[in-house]
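# Structural overview for review
What follows is the residue order along each chain.
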Amino acid sequence: MFYPHRKPALFLLLFLTSLPCLADKGEQLYTDNCAICHGHEGTGGVGIPLGLESFLEQASDEYLRRTIRVGRPGRIMPTFYRLADHEIDAIISHIRSWKKTAIPKWDNTRINAEASTGKQLFEKHCVSCHGENGRGGKGTGMMFSRPRDLPITPPALNNQGFLNSASDQMLKNIITHGRKETPMPAASEFNLNETDINNLVSYIRSFQKTMVSGRPMLEEPPVMVYTSPYSFSETIENIKRAAVGMNFRLIRDQALDYGFVPEEQESKTHTMVYFCNFNFLYQALAVDPRVGMFLPCRITVIEQNGQVQAMSINPKRLSQLFNNNELDEACDKMHDTYSTILEEATL
Amino acid sequence: MMMRRQTGLLALLLLVCWLPAQAIITGELIMVRSDKTFPEAMLILQDAIKTQGYTLSRVQRVDIGLTMSGYPTDKYRIVFFGKTEQIHELTKKHPELIPYLPLKIAIFAEADETLLVTSDPAIFMDLYPDPRLHEVFHQWHEDIVNIMKKVQIPD
């Protein structure tokens, strides 16, 4: 057995050894889980700039902890359900290490004011950035998806992840003081008094509903497969014709093993037809630049055991990976487009 | 005997401290941010793919197509890769996987930094319940994590 009290020197050694690695762990966990969106030094990107002094002065550890745990359903920020509590704490410690600000602690006292009056104030002063019903700004926040003069995408105040993380007192503080280095102004700029601020908090709080963890998963197959009554080459031509008919530009068609084997050895029974609508692509990238990993649009035609099939990914199923409500619409549209092309080509 | 156990515990603790440094984001998407510029990150990515034992089959220049069509945008490429024998074998036995082959990683510029993103092959385990495929998906996951890690923190 190992008895720490009998071997204080060894126990001390173990303890001291663990200290630097816990600090490193926070940085490593941040790099692995957060830096992609928030930047290595919290300068922001898809996610808000966590390194802003004004943010760190207003975000309590509890707010950060809950945010990491529940995410922002439908607004990119995922739930980090795989992280243990001590790992989340290590990440928070790392974020705090950037700036020496006082760590705020907000009590959970609810503000019971007039939400209906708050609504009027919200529509007058807040809706231009935070959107109707607090739905937030559009785009992911990446440079591809927002005007470059905006440092951040205005957050969705009606997001259940946000409402489950932010206390009324924290909301009140943000509205009162604004957030320096972001477009969020202080209430004094609109001559709002404390009663007005309380009414605004109550209106924002009225968006809160019972939070359902995660987004409902659709029972969609991973691929769309259509059997073609036509020959292999006829089906390829049909796909091309149907794609052009749907305002797509043909990019190329090539063997599935193109680039893997010499041209003369390429498969004659597996052909990928690539096509693109650049306007749609541009819009999709503006909604979420990560969607490029399913680009370009492609339908593959195969001939196997005397049967010809045309198949594609199912964008509806894949949209679930992104936690982005805006992208769901684009993926639904793409699903319908693929269906139409596949149906037309194999009718 | 006691000394050996204590040494073992110490070694275990050190190992626990080291392990997270080798980890990378896992989930439905694998994403990394590299502080390298786009051209540098692209070179590291291509080299990492080859080092991991894969063949780079093609690079789709999305930004070029967009710009030529009147939609100027920052650098955005898709890198396709795979293992020749594996692709032939899988497409023969599991044609339902074809739309997801070859594997690919999207790489794009964000100011002076570069972002890389791909779907975590582990998600295929839910999409394709055939247990014979799971070993392949697991290997892809491991390989892609290694590739992305090399771009995130080059040697």
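Rules used in this analysis
In every chain, residue numbers begin from 1 and rise along the written sequence. Throughout, the order in which chains and ligands are written sets their labels, letters from A for the former and numbers from 1 for the latter. Two thresholds apply to this predicted model, a pLDDT of at least 70 for residue-level local features and 80 or more for giving and counting side-chain atom pairs, whereas whole-chain, interface and lining totals are computed over all residues. In DSSP terms, a helix is any run of H or I states spanning at least four residues, a strand is any run of E spanning at least two, and both are numbered starting from the N terminus. Residues are scored as being in contact if the C-beta atoms we place from backbone atoms lie within 7 Å. Paired strands, as defined in this entry, are two strands with at least two bridges between them according to DSSP. A residue is called partly exposed when the number of other C-beta atoms within 10 Å of its own lies between 12 and 20, exposed at 12 or fewer, and buried at 20 or more, with C-beta atoms placed from the backbone. To estimate how far a helix should reach, multiply one less than its number of residues by 1.5 Å. Throughout, the arc means that of the directions going from the helix axis to the C-beta atoms. Note on geometry: axes are lines fitted to C-alpha atoms, helical ones only across the stretch in contact, with angles between N-to-C directions running from 0 to 180 degrees. Oblique is the label for any angle not covered by the other classes, which are roughly parallel (under 35 degrees), roughly antiparallel (over 145) and roughly perpendicular (65 to 115). Two helices crossing with the near one rotated counterclockwise from the far one by less than a right angle form a left-handed crossing, whereas a clockwise rotation gives a right-handed crossing. Residues are sorted three ways: Asp, Glu, Lys and Arg are charged, Ala, Val, Leu, Ile, Met, Phe, Trp, Tyr, Cys and Pro are nonpolar, and all the rest, Gly among them, are polar. Domain extents, as shown, originate in an automatic or database domain assignment. By our criterion, buried Ala, Val, Leu, Ile, Met, Phe, Trp, Tyr and Cys residues that link up through C-beta atoms within 7 Å make up a nonpolar core.

### Digging into the overall build of chain A
Of the regular secondary structure elements, chain A holds 14 helices and five strands. Expressed as a percentage of contacts within chain A between residues at least 6 apart in sequence, the contacts between residues at least 24 apart total 71%.

### Some words on the pairing of strand β4 (residues 297-304) of chain A
Residue and element names in this part refer to chain A. Bridge count between strand β3 (residues 270-276) and β4: six bridges; the pairing is antiparallel. Bridge pairing in β4 places Phe 275 opposite Cys 297. One ladder, built from five bridges, connects β4 with strand β5 (residues 307-313); its direction is antiparallel. Paired with Ile 302 across the strands is Gln 309, a residue of β5. As consecutive antiparallel partners, β4 and β5 are separated by two residues, and within that stretch Asn 305 has a phi angle of approximately 50°, a positive value.

### What to know about the environment of B:Gln152
All names here are of chain B. Relative to the helices and strands, Gln 152 is located in helix α6 (residues 131-152). The exposure class of Gln 152 is buried, given the 24 C-beta atoms found within 10 Å. For the pair Gln 152 and Val 32, spaced 120 residues apart in sequence, the C-alpha separation works out to 6.1 Å. With near-sequence residues (within four places) excluded, Gln 152 lies in contact with Val 32 and Ser 34.

### Here we look at helix α14 (residues 325-346) of chain A
Residues and elements named next belong to chain A. Compared with the 32 Å implied by 1.5 Å per residue over 22 residues, the 32 Å span of α14 between its first and last C-alpha is a close match. Within the sequence span of α14, burial applies to Leu 327, Ala 330, Cys 331, Met 334, His 335, Thr 337, Tyr 338, Ile 341, Leu 342 and Ala 345. On its buried side, α14 packs onto β1 (223-228), α11 (232-245), α12 (278-287), β4, β5 and α13 (315-318).

### Quick word on unusual backbone geometry
Residue B:Pro102 is reached from B:Leu101 by a cis peptide bond, and omega for that bond is -5°. Following the sequence through the fold, B:Pro102 ends up in the loop between α4 (84-93) and β4 (103-110). A positive phi angle, close to 75°, is found at A:Ile76, a residue other than glycine. Mapped onto the secondary structure, A:Ile76 falls in the loop between α4 (61-70) and α5 (85-96). In this structure, A:Asn191 is a non-glycine residue whose phi angle is positive, near 55°. Inspection of the secondary structure assignment puts A:Asn191 in the loop between α9 (168-177) and α10 (194-205). Residue A:Asn191 is classed as exposed on the basis of its 7 C-beta neighbours within 10 Å.

### Topic: helix α6 (residues 115-125) of chain A
Note on helix geometry: an α-helix contains 3.6 residues per turn, so any two residues three or four positions apart are oriented the same way. All names here are of chain A. Turning to α6, its buried residues are Gly 118, Leu 121 and Phe 122. Seen from one end, α6 has its buried residues packed into an arc of 105°, which puts them on one side. Set apart from the buried face of α6 by more than 90 degrees, the exposed residues are Ser 116 and Lys 124. On its buried side, α6 packs onto α7 (127-130) and α10.

### Overview of the packing of helix α2 (residues 38-51) of chain B against α6(B)
Residues and elements named next belong to chain B. Where α2 contacts α6, the axes come no closer than 9 Å and their chain directions differ by 150°. Taken together, the axes of α2 and α6 are roughly antiparallel relative to one another. Relative to α6, the crossing made by α2 is right-handed. Contacts between α2 and α6 involve Ala 41, Ile 44, Leu 45, Ala 48 and Ile 49 on the former and, on the latter, Ile 147, Lys 150 and Val 151. Classifying every residue of the contact of α2 with α6 by side-chain character gives seven nonpolar, no polar and one charged.

### A word on the pairing of strand β3 (residues 76-82) of chain B
Residue and element names in this part refer to chain B. Of all seven residues that make up β3, six are buried, and the element is covered over most of its length. The sheet contact formed by strand β2 (residues 55-61) and β3 spans six bridges and is antiparallel. For Thr 55, the partnering residue across the bridge sits in β3 and is Gly 82. Pairing between β3 and β4: six bridges, direction antiparallel. Note that in β4 the partner of Val 79 across the bridge is Ile 105.

### Description of the packing of α9(A) against α10(A)
Packed helices, taken two at a time, are described by their axes: the angle between them and the distance between them. Residue and element names in this part refer to chain A. At a closest axis distance of 9 Å, the pairing of α9 and α10 adopts a crossing angle of 125°. Of the possible angle classes, the one that applies to α9 and α10 is oblique. Read as a crossing pair, α9 and α10 show a hand that is right-handed. Residues Asp 168, Leu 171, Lys 172, Ile 175 and Thr 176 of α9 form the contact with α10, whose own contacting residues are Ile 197, Asn 198, Leu 200, Val 201, Ile 204 and Arg 205. Residues belonging to the contact of α9 with α10 are distributed by class as follows: six nonpolar, two polar and three charged.

### As for the domain arrangement of chain A
In terms of domain boundaries, chain A breaks down into domain 1 (18-205) and domain 2 (223-346). Once you take the C-alpha centre of each, domain 1 of chain A and domain 2 of chain A turn out to be 39 Å apart.

### Brief notes about the sheet that holds strand β2 (residues 249-255) of chain A
Residues and elements named next belong to chain A. If you walk across this open sheet you meet the five strands as β1-β5-β4-β3-β2, and the pairing is antiparallel. Each end of this open sheet is capped by a strand with a single partner; those strands are β1 and β2. Adjacent strand axes in the sheet meet at a mean angle of 20° when their direction is disregarded. In the packing of α11 onto the sheet, the strands contacted are β1, β2, β3, β4 and β5, and the crossing angle to β4 comes to about 165°.

### Considerations on the nonpolar core
Counting residues in each nonpolar core, the largest one holds 98 residues, and the members touching the most others are A:Ile91, A:Ile239, B:Leu45, B:Ile107 and B:Leu116. The element that contributes the greatest number of residues to this core is α14(A), accounting for eight residues. Residue-level mapping places this core at the junction of two domains, with at least three residues from each of domain 1 (18-205) and domain 2 (223-346) of chain A. Ignoring sequence-local partners within four residues, the contact set of A:Ile239 consists of A:Val273, A:Ile299, A:Val301, A:Ala310, A:Ile341 and A:Ala345. Formed by 19 residues, the second largest nonpolar core is a distinct cluster that contains A:Ala156, A:Leu157, A:Leu163 and A:Leu200.

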